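Next come the chains, spelled out residue by residue.
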Amino acid sequence: MLEYPLWKRLCVVVTILVGLAFAAPNLFSEQARQSIPSWLPSAGVNLGLDLRGGAHVLLESQVEEVFEKRISDLRQQVRRALLDADVRRFSRLSRGADFVSVTVTNAEDMETARAALAALSEPVGMGLASGLGFETGARTFDIAVDGQTITLTMTEEERAQIVDRTISQSLEVIRRRIDESGTRDPTIQRQGTDRVLVQVPGVGSAEEVLSLIGRTASLTFHDVVLDGDPDRPRPGTIAAPYPEFGQVLVLRENPVLSGERLVDAQLGFDPDSGAPVVNFRFDATGGGIFSDYTRSNIGRPFAIVLDGEVISAPNIQSAITGGAGFIEGGFTVETARDLAVLLRSGALPASLVPLEQRTVGPDLGADSIAAGEAAAVLAFLAVLIFMSIVYRAFGIFANIALMLNVGLILGALSAIGATLTLPGIAGIVLTIGMAVDANVLVFERIREELKRAKKPHQAVDRGYSEALSAIIDANITTLIAAVILFVL
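Just so you know, these numbers come straight off a predicted model, no measurement behind them. (Residues numbered from 1 in each chain as written. Predicted model: local features only at pLDDT ≥ 70, side-chain atom pairs only at ≥ 80, totals over all residues. Heavy atoms only, no water.)

Participant: Help me understand the environment of Glu309 in this model?
Facilitator: Here Glu309 shows up in strand β16 (residues 309-312). Its relative accessible area of 38% is what places Glu309 among the partly exposed residues. Between the C-alpha atoms of Glu309 and Thr105, which are 204 residues apart in sequence, the distance is 40 Å. Contacts of Glu309, omitting those with residues within four sequence positions, involve Pro241, Pro243 and Ile304. (Helix = DSSP H or I, 4+ residues; strand = E, 2+ residues; numbered from the N terminus. Buried < 20%, exposed > 50% of the residue type's maximum accessible area, 1.4 Å probe, protein only. Contact = heavy atoms within 4.5 Å.)

Participant: Could you clarify how one ought to interpret a nonpolar patch on the surface in this entry?
Facilitator: Taken together, the side chains of Leu468, Ile472, Ile476, Leu479, Ile480, Val483, Ile484, Phe486, Val487 and Leu488 present a nonpolar region at the surface, about 1100 Å² in accessible area. Checked against the element boundaries, Val487 lands in helix α14 (residues 456-487). (Patch = residues over 30% accessible without salt bridge, like charges linked within 9 Å, V, L, I, M, F, W, Y side chains within 5 Å. Areas by Shrake-Rupley, 256 points an atom, 1.4 Å probe, with all protein chains shown as cover. Salt bridge = Lys/Arg side-chain N within 4 Å of Asp/Glu carboxyl O.)

Participant: I'm lost on the nonpolar core in this one. Help?
Facilitator: Buried together is how nonpolar side chains tend to be arranged in soluble globular proteins. By size, the foremost hydrophobic cluster in this structure holds 46 residues, and its most contacted members are Val78, Leu117, Ile174 and Val198. In terms of residues, this core owes the most to one element, helix α4 (residues 63-84), which gives 8 residues. In this structure, Val198 is in contact with Ala55, His56, Val57, Leu59, Ile174, Ile178, Thr187, Ile188, Val209 and Ile213, ignoring residues within four places of it in sequence. Residues Val45, Val383, Leu402 and Val436 belong to the second largest nonpolar core, which totals 22 residues. (Core = buried A, V, L, I, M, F, W, Y, C linked by side-chain atoms within 4.5 Å.)

Participant: It is not clear to me how the sheet that holds strand β7 (residues 187-191) should be interpreted in this structure. Could you clarify?
Facilitator: The strands that make up a sheet are held in pairs by hydrogen bonds between backbone atoms, and each pair lies either parallel or antiparallel. Sheet architecture is open: 4 strands sit in the order β7-β8-β2-β18, paired in antiparallel fashion. Of all strands in the sheet, those bounded by a partner on one side alone are β7 and β18 (352-360). Across the sheet, the axes of successive neighbouring strands diverge by a mean angle of 15°, strand direction being ignored. Bridge count for strand β2 (residues 54-61) against β18 is 8 bridges, and the pairing is antiparallel. Looking at the pairing, Ala55 lines up with Thr359 of β18. Packed on one face of the sheet, helix α8 (residues 206-213) meets β2, β8 (195-201) and β18 and runs near 40° to β2. (Pairing = 2+ DSSP bridges. Axes fitted to C-alpha atoms, helices over the stretch in contact; angles between N-to-C directions.)

Participant: Sorry if this is basic, but what is going on with the packing of helix α13 (residues 437-451) against α14 here?
Facilitator: When two helices pack together, their arrangement is captured by the angle between the axes and the distance separating the axes. Where α13 meets α14, the axes come as close as 8 Å, and the angle between the chain directions of the two elements is 140°. Comparing the axis directions of α13 and α14 gives the class oblique. The handedness of the crossing between α13 and α14 comes out as right-handed. Residues Asp437, Ala438, Leu441, Val442, Arg445, Ile446, Glu449 and Leu450 of α13 pack against Pro456, Ala459, Val460, Arg462, Gly463, Tyr464, Glu466, Ala467, Ala470, Ile471 and Ala474 of α14. For the contact of α13 with α14, the per-class residue count stands at 13 nonpolar, 1 polar and 5 charged. (Parallel < 35°, antiparallel > 145°, perpendicular 65-115°, else oblique. Left-handed = near helix turned anticlockwise from the far one by under 90°. Nonpolar A, V, L, I, M, F, W, Y, C, P; charged D, E, K, R; others polar.)

Participant: Help me understand unusual backbone geometry in this model?
Facilitator: Trans is the prevailing form of peptide bonds, just as negative phi is the prevailing case for residues other than glycine. Backbone geometry places Asp86, a non-glycine residue, at a positive phi of 65°. Position of Asp86 among the secondary structure elements: in the loop between α4 and β3 (90-95). According to the relative accessible area criterion, Asp86 is exposed, its value standing at 54%. Positive phi is not limited to glycine here, since Arg92 has a value of about 50°. Structurally, Arg92 can be placed in strand β3.

Participant: Teacher, can you tell me more about helix α5 (residues 110-118) here?
Facilitator: Of the positions making up α5, those classed as buried are Met110, Ala113, Ala116 and Leu117. Along the axis of α5, the buried positions cluster into a sector of 135°, meaning they face one direction only. Of the residues in α5, the exposed ones pointing more than 90 degrees away from the buried face are Glu111 and Ala115. (Arc of directions from axis to C-beta.)

Participant: What should I look at first to understand the sheet that holds β16 in this one?
Facilitator: Taken together, 4 strands build an open sheet; the order of strands is β12-β9-β15-β16 and the sheet is antiparallel. The open sheet terminates on both sides in strands that have one partner only, identified here as β12 (257-258) and β16. As defined by bridge partners, strand β9 (residues 219-223) adjoins β12 across 2 bridges and the pair is classed as antiparallel. Within β12, the position partnered with Thr220 by the bridge is Ser258.

Participant: What's the story with α13 in this structure? I'm lost.
Facilitator: Within an α-helix, residues lying three or four positions from one another point in the same direction, as the helix has 3.6 residues per turn. Over its 15 residues, α13 runs 22 Å from end to end, which matches the ideal 21 Å to within 8%, given 1.5 Å per residue. For α13, the complete set of buried residues consists of Asn439, Val442, Phe443, Ile446 and Glu449. All buried residues of α13 fall inside an arc of 120° around its axis, so they share one side. The first or second residue beyond α13 is Ala453, which carries a positive phi of 65°. (Expected span 1.5 Å × (residues − 1).)

Participant: Explain the packing of aromatic side chains here, please?
Facilitator: Aromatic rings in a pair are described by how distant their centres are and how their planes are angled relative to each other. Inspection of every chain in the model, using the stated rule, returns 12 aromatic pairs. Taking 5.5 Å as the distance between ring centres and 65° as the angle between the ring planes, the aromatic pair formed by Phe221 and Phe282 counts as edge-to-face. Taken as a pair, Phe221 in strand β9 and Phe282 in strand β14 (residues 276-282) lie far apart in primary sequence, 61 residues in all. The burial state of Phe221 is the same as that of Phe282; both residues are buried. (Phe/Tyr/Trp six-rings, centres within 6.5 Å; stacked < 30°, edge-to-face > 60°.)

Participant: Can you walk me through the pattern of salt bridges in this structure?
Facilitator: Note that side chains of opposite charge can pair when their charged atoms are close. The tally for this structure, following the rule as stated, stands at 14 salt bridges. Taking the shortest distance from any N to any O, the salt bridge between Glu64 and Arg159 comes out at 3.9 Å. With Glu64 in helix α4 and Arg159 in helix α7 (residues 156-180), this residue pair connects regions lying 95 residues apart in the sequence. One salt bridge in this structure joins Asp164 and Arg190, with 3.1 Å as the shortest N-O distance. Linking Asp164 in helix α7 with Arg190 in strand β7, this pair joins segments that are 26 residues apart in sequence. Judged by its relative accessible area of 36%, Asp164 falls in the partly exposed class. Residues joined by salt bridges that share partners form a network here, namely Arg445, Glu448, Glu449, Arg452, Arg462 and Glu466.

In structure tokens form, the structure reads like this:
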């Protein structure tokens, strides 16, 4: 007789029970699932955009903004590097779209200046080579000398690296913003060189998605220049609109502190007026800078700037210690909450321009679900009937296993929070047909053994043992195809 160790039988039973427990919530409505005790599985299979409806947005990252900032930073680095190298006599420090050039007045300082600027050109890490600690030989900038003029030009490798880094950061920021808003199971992926595809199920319109992810949310804190002229700002200052009061303020160009030092931002309310505000908190370094700045500038105004616009310009009443404060700016509860989400998720490295946006209506989702359910049920019934007729008792056992298999698939999808799409339904239907493949191999082998006058228990034993290698081969090839599909 066939004997299986107790631990194997227990593993099978426990796996089935756990899988069916995770699959069971799919039999109930959303409201009913909310009443399930927290210690029991309560998550259902999430429906994708094509089944549930939602928003589809294709965005293009304006990486030219990052290139411009990189060259602007390089210009400051060049000035600082020359001064640190004690090269004081230079002129014509200018910049272009992808280069910075400087003329060294004293020819005797050329070698010193060239060595100092050469240090600004660093190795470019490219993918796996960088991760393993290898250098590719590419540099961030090419250095050319023409007479007494030194020019640093951004290399193509550095441009490609900036694009990759910008898109990767944009994907992460978008994902955090959408997760913070409570939206479940978005699809966020890169398309082409500088585009990002965002699909969010269950959202009423594409405009909702764009309002959440379209802002760069660059937060900075600046000195206010009280005697500045907004029409003719002096070098080192900028003019920034202050929409709440319909005026323009002149600010120091270099911020005192930036939002990169923020570690938290939450909706709050002003203890005096009760108006919605955004409470924020800096990290230890940012808190120290903020404390020193406010202590040294009591009585002076400072501006809180978001995406180039002043949202608040309060007077400093006293030193703000502890690294925490709040932003007020005529917010509603919704706008304050949205701003807190943007600040918590960080700033986009470059602005995003929508190239394509559309809203998938719920009718398409209902039709898809109905068609998918019909296909799955028909395929399931056809396989059950076929197995029962051809293999009789063995077929009934196979049908029971097939139903458990489908239950385990739904349980796994629910447990890992996977999103079910129309191709996913097609995959389940295909699995229903393929799931009996192993049974067919075993049963046909058992038939052959019975024809050889083997006893039933011997035929069953030989059938399973002889078909095992073919079953393993079939599952390995299926796994290889699944891995390739997943990667691509």
